[in-house]
Amino acid sequence: MRLLNAKTLKVEEFFGHQIPPYTILSHTWDKDEVSFGDMQSSNFKNKKGFAKIWYACNQTREDGWEYTWIDTCCIDKTSSAELSEAINSMFQWYRDAQVCYAYLADVLEGSGHYGAEIPDAPLEKSRWFTRGWTLQELIAPREVIFYGTEWRPLGRKHEMATELHGITGIDQFVLKIRDGRLLERALEETCAARKMSWASKRETTRPEDIAYCLLGLFGINMPLLYGEGMKAFTRLQQEIARVSNDQTLLAWGFPAEPGKKSRNDATTGPRVFAHDPSYFASAGTVVRHDINGDSFRPWTLTNLGIGLEVAVLRDNWPATCVAILSCHYEDDMRGPIGLRL
């Protein structure tokens, strides 16, 4: 793992138990970012992206830490092997950081502490809440401190849980957790459909990244294949199915807004898995339950689809078959969710 020395601005490499305490920066990428290659030259301070690096390093020193991690300049993206390792490790890196500084460059208002009156604060309109990668960067760290334009403090994650829930849909209890082991347990107990719903309105520049940015939330590691497009999201769901009997993975529907297209128009024909997270937009209140031990029945994943033993309802007119999944909506007492076959 490479870390940036907050005093010398030199990138240093550490392994295993040698990794020192560090802070970490969450931000949205813009033009003229400082890359790992730029850090080897003497001109990186002239780039526009250096401003947030300086902010993060300065805050790191003020908070009493020596190192920080910033994705733009701490990963050698010319190495596909290093990029793959970084993406598969990123959730862990954010979870293990002493503190995460979330820089919302487009939020103009700020105050010295959360709760002060901020007229017309556009927090919910920040681009930071629309990007795929920042989802895990919000959830994983034990401490997240938000900063706006010119590094003005906006507040801390656990104090802002109610507002952040309204913006992101993420459960408040998840946002308030400040212990890595408790977070891991909470994510394991949160059903797949619910976690997918947190990403339903987020976007990534490369289509594959909408799957890769969710690896940590599901505890999944898989090879990165840039060029496969939205097949990456299918692979992610297949990996989830291999390690879990979570039937909520099948509790998706087509995007609800009339006339709105998915990230890909391939919405016709029979599908076992959703095409992208937007298909889980209405799954924010889905929870698992166990019907006759359904959650303990193994799945069989083959080249023809999924083999799954479930109860089926049949209706001769009109001719329909509905598979009864082991899940329901949290506040809906009408019964379990059905999957039309």
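Whatever comes next refers back to the structure up there.
Quantities reported herein were computed from a predicted structural model and do not represent experimental measurements. (Residues numbered from 1 in each chain as written. Predicted model: local features only at pLDDT ≥ 70, side-chain atom pairs only at ≥ 80, totals over all residues. Heavy atoms only, no water.)

## A few points about the nonpolar core
Logical step 1: Judged by nonpolar contacts, the single largest core of 97 residues is most densely connected at Trp69, Phe146, Leu214 and Leu236.
Logical step 2: Take this core: its biggest share by element is seven residues, from helix α3 (residues 80-96).
Logical step 3: Not counting residues within four places of it along the chain, the set of residues in contact with Leu214 comprises Leu135, Met196, Ala199, Phe233, Leu236 and Pro277. (Core = buried A, V, L, I, M, F, W, Y, C linked by side-chain atoms within 4.5 Å. Buried < 20%, exposed > 50% of the residue type's maximum accessible area, 1.4 Å probe, protein only. Helix = DSSP H or I, 4+ residues; strand = E, 2+ residues; numbered from the N terminus. Contact = heavy atoms within 4.5 Å.)

## Examining unusual backbone geometry
Logical step 1: One non-glycine residue, Leu9, adopts positive backbone phi at about 60°.
Logical step 2: For Leu9, the position within the fold is in the loop between β1 (2-5) and β2 (11-13).
Logical step 3: A residue is classified by how much of its surface remains accessible, and Leu9, at 14% relative accessible area, is buried.
Logical step 4: For Glu150, which is not glycine, the phi dihedral falls at a positive 60°.
Logical step 5: In this structure, Glu150 sits in the loop between β6 (144-148) and β7 (152-156).
Logical step 6: With a relative accessible area of 53%, Glu150 lands in the exposed category.

## Considering the environment of Ser197
Logical step 1: Secondary-structure assignment places Ser197 in helix α8 (residues 192-198).
Logical step 2: Residues Ser197 and Gly284 lie 87 residues apart in sequence; the distance between their C-alpha atoms is 5.4 Å.
Logical step 3: When residues no more than four places from it in sequence are discounted, the contact partners of Ser197 are Phe280, Ala283 and Gly284.
Logical step 4: A distance of 2.5 Å separates a polar side-chain atom of Ser197 from the backbone oxygen of Arg194. (Polar contact = N/O pair within 3.5 Å; in protein donor to acceptor, adjacent residues only side chain to side chain.)

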